[in-house]
Amino acid sequence: MCVTCGCSDDNETRITNMENEHHHTHTLPDGTVINHSHHHQEPAHIHANVHNTTISLEQEILGKNNLLAAQNRGWFKGRNILALNLMSSPGAGKTTLLTRTINDLKDRLNISVIEGDQETTNDAEKIKSTGCKVVQINTGTGCHLDASMIEKGLQELKPPLNSVVMIENVGNLVCPALFDLGEAAKVVILSVTEGEDKPIKYPYMFRSSDIMILTKIDLLPYINFDVQRCLEYAKQVNPNMQIFQVSSTTGEGLESLYNWLCQQVHNSSNLIAV
């Protein structure tokens, strides 16, 4: 068990290289199709009733994660790979924005993806349909990706030099913010369908993020969402956060986001060359 947030550890994690994916199914006599996956997990006995013990275990878990994240960061830097950690609540539009970005920037950037979800390869299939390399990480009952999962995912993904790795985290506005993955920047994605007060309801997520992307702005004429108040809340929590407003459906605002992304790749390349 992850003492930091209470979710399971990576004994339940499954990593699927979508280029080598094979489904194992059985069909029952009544026509029902069952997907099989077998996991063996040793029983964990963690007794952290003492407050000091809980703090110690939490520090140990985050300390180990941060060490692995630093190794991941060095791995990315040594290969001139820009890694971005995309975080949001479920349904904010991460995958739609990601597939649109991959398709729009095919001729400008080499992008590959690590896709995080508790179950299914549904989003990875959507990413794969763009022609992009993608590895699926299923966390089981886990509510976030961690640095160890990313390290293992990179071994399967094998992203090329001088490229971009997009890490689509598990949909959750709490725990993903706690775990450094070795990324160059954390990106929080908020949709206009969620309510303008999310930055002050989940301040740690927005405080830890370098970028906020407000999505689905094409829906603004049809819903009650105060954009200005949302932006004020975001800046209240994190005055240094850069904000983009986009629609993955109409394309509004995307060119500004793309220019920022290409500039980050350019800056990373210059940094490596020095």
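Reading the values: rules and limits
Residues numbered from 1 in each chain as written. Predicted model: local features only at pLDDT ≥ 70, side-chain atom pairs only at ≥ 80, totals over all residues. Heavy atoms only, no water. Disulfide = S-S within 2.5 Å. Helix = DSSP H or I, 4+ residues; strand = E, 2+ residues; numbered from the N terminus. Contact = heavy atoms within 4.5 Å. Salt bridge = Lys/Arg side-chain N within 4 Å of Asp/Glu carboxyl O. pLDDT = per-residue confidence, 0-100. Phe/Tyr/Trp six-rings, centres within 6.5 Å; stacked < 30°, edge-to-face > 60°. Buried < 20%, exposed > 50% of the residue type's maximum accessible area, 1.4 Å probe, protein only.

If you check an unreviewed UniProt entry, the chain appears there as Hydrogenase accessory protein HypB from Cuspidothrix issatschenkoi CHARLIE-1.

1. With respect to the state of the cysteines
Disulfide: a covalent bond formed between the sulfur atoms of two cysteine residues. Across all of its chains, the model carries 0 disulfides by this definition. Free of any disulfide, cysteine 175 has its nearest neighbouring cysteine sulfur in cysteine 143, separated by 3.4 Å.

2. Points about the environment of aspartate 117
For aspartate 117, the position within the fold is in strand β5 (residues 111-117). Distance from aspartate 117 to proline 90, taken between C-alpha atoms, is 10.0 Å for residues 27 residues apart in sequence. Excluding its chain neighbours within four sequence positions, the residues that come into contact with aspartate 117 are Asp123, Gln136, Ile137, Asn138, Thr139 and Val170.

3. Digging into the pattern of salt bridges
The tally for this structure, following the rule as stated, stands at 6 salt bridges. One salt bridge connects glutamate 119 with arginine 14, and the closest N-O pair in it is separated by 2.5 Å. Of the two residues, glutamate 119 is situated in the loop between β5 and α3 (122-128) and arginine 14 in strand β1 (residues 14-17); the sequence distance between them amounts to 105 residues. Taking the shortest distance from any N to any O, the salt bridge between arginine 108 and glutamate 255 comes out at 3.4 Å. Of this pair, arginine 108 sits in the loop between α2 (94-104) and β5 while glutamate 255 sits in helix α8 (residues 254-273); the two residues are 147 residues apart in sequence, bridging distant segments of the chain.

4. Considering the confidence of the model for the chain
Model confidence for the chain is summarised by a mean pLDDT of 87, while 80% of its residues fall at 70 or above. Below pLDDT 50 for its whole length, residues 31-50 participates in 26 contacts with residues either more than four positions away or in separate chains.

5. Remarks on the packing of aromatic side chains
Within the structure shown, the criterion is met by 2 aromatic pairs. Here the aromatic rings of tryptophan 75 and phenylalanine 76 are separated by 5.8 Å at their centres, their planes lie at 80 degrees, and the arrangement is edge-to-face. Residue classification places phenylalanine 76 among the buried residues on the basis of a relative accessible area of 2%. Between phenylalanine 244 and tryptophan 260 the ring centres are 6.0 Å apart and the planes differ by 55 degrees, which places this aromatic pair in the tilted class. Taken as a pair, phenylalanine 244 in strand β10 (residues 242-245) and tryptophan 260 in helix α8 lie far apart in primary sequence, 16 residues in all. For phenylalanine 244, a relative accessible area of 6% translates into the label buried.

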